[in-house]
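A look at the structure
Here is what each chain is made of, one letter per residue.
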Amino acid sequence: MSITTEALRKRINRKLAHEGNRLGHFPDQGGYAIVELETNAIVSHFMDLEDIGRDLGVLKESEAQSN
């Protein structure tokens, strides 16, 4: 089953909000990063959105990101 990029971003942000973080999108630098809300500092360097979703457990094995 595929989910949209927007749906995946929302899932990731809901999960990160519990930790005081958010997803940042940096298209000019090749992808995404996890950003701490309080300091606006990058916690995790740029990664693929689908990889972040799998690492956080918000994207199931049977799911894939659609464009």
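Quick summary incoming for the structure in this document. (Residues numbered from 1 in each chain as written. Predicted model: local features only at pLDDT ≥ 70, side-chain atom pairs only at ≥ 80, totals over all residues. Heavy atoms only, no water.)

Its 13 residues place the ends of helix α1 (residues 5-17) 18 Å apart at the C-alpha level, agreeing with the 18 Å of an ideal helix rising 1.5 Å per residue. Among the residues of α1, those classed as buried are Leu-8, Ile-12 and Leu-16. Along the long axis of α1, the arc covered by the buried residues comes to 65°, so they all point the same way. Close packing links the buried residues of α1 with β1 (2-4), β2 (21-26), β3 (31-36), α2 (49-56) and β5 (64-66). (Helix = DSSP H or I, 4+ residues; strand = E, 2+ residues; numbered from the N terminus. Expected span 1.5 Å × (residues − 1). Buried < 20%, exposed > 50% of the residue type's maximum accessible area, 1.4 Å probe, protein only. Arc of directions from axis to C-beta. Contact = heavy atoms within 4.5 Å.)

Turning to the sheet that holds β2, a few remarks are in order. The strands that make up a sheet are held in pairs by hydrogen bonds between backbone atoms, and each pair lies either parallel or antiparallel. Here we have three strands laid out as an open sheet, ordered β2-β3-β4, and antiparallel in their pairing. Single-partner strands in this sheet number two, and they are β2 and β4 (42-47). Direction aside, neighbouring strands of the sheet carry axes that sit 20° apart on average. Two strands pair when backbone bridges link them, and β3 and β4 are joined in this way by three bridges, in the antiparallel orientation. Residue pairing for β4: Tyr-32 is matched across the bridge by Met-47. Its contacts with the sheet put α1 on β2 and β3, and the angle it makes with β2 is roughly 145°. Contacts between α2 and the sheet are confined to β2, β3 and β4, with β3 contributing the most and set at about 45° to the helix. (Pairing = 2+ DSSP bridges. Axes fitted to C-alpha atoms, helices over the stretch in contact; angles between N-to-C directions.)

By size, the foremost hydrophobic cluster in this structure holds twelve residues: Ile-3, Leu-8, Ile-12, Leu-16, Leu-23, Tyr-32, Ile-34, Leu-49, Ile-52, Leu-56, Val-58 and Leu-59. Elements supplying a minimum of two residues to this core: α1, β3 and α2. Those residues in contact with Val-58 that lie beyond four places of it in its chain are Leu-8, Arg-11, Ile-12, Lys-15, Gly-53 and Glu-63. (Core = buried A, V, L, I, M, F, W, Y, C linked by side-chain atoms within 4.5 Å.)

A few words on the pairing of β2. Across six bridges, β2 lies against β3 in antiparallel orientation. By the bridge assignment for β3, Gly-24 is matched with Ala-33. What sits between β2 and β3 in their antiparallel hairpin is a turn of four residues, with Gly-30 showing a positive phi close to 95°.

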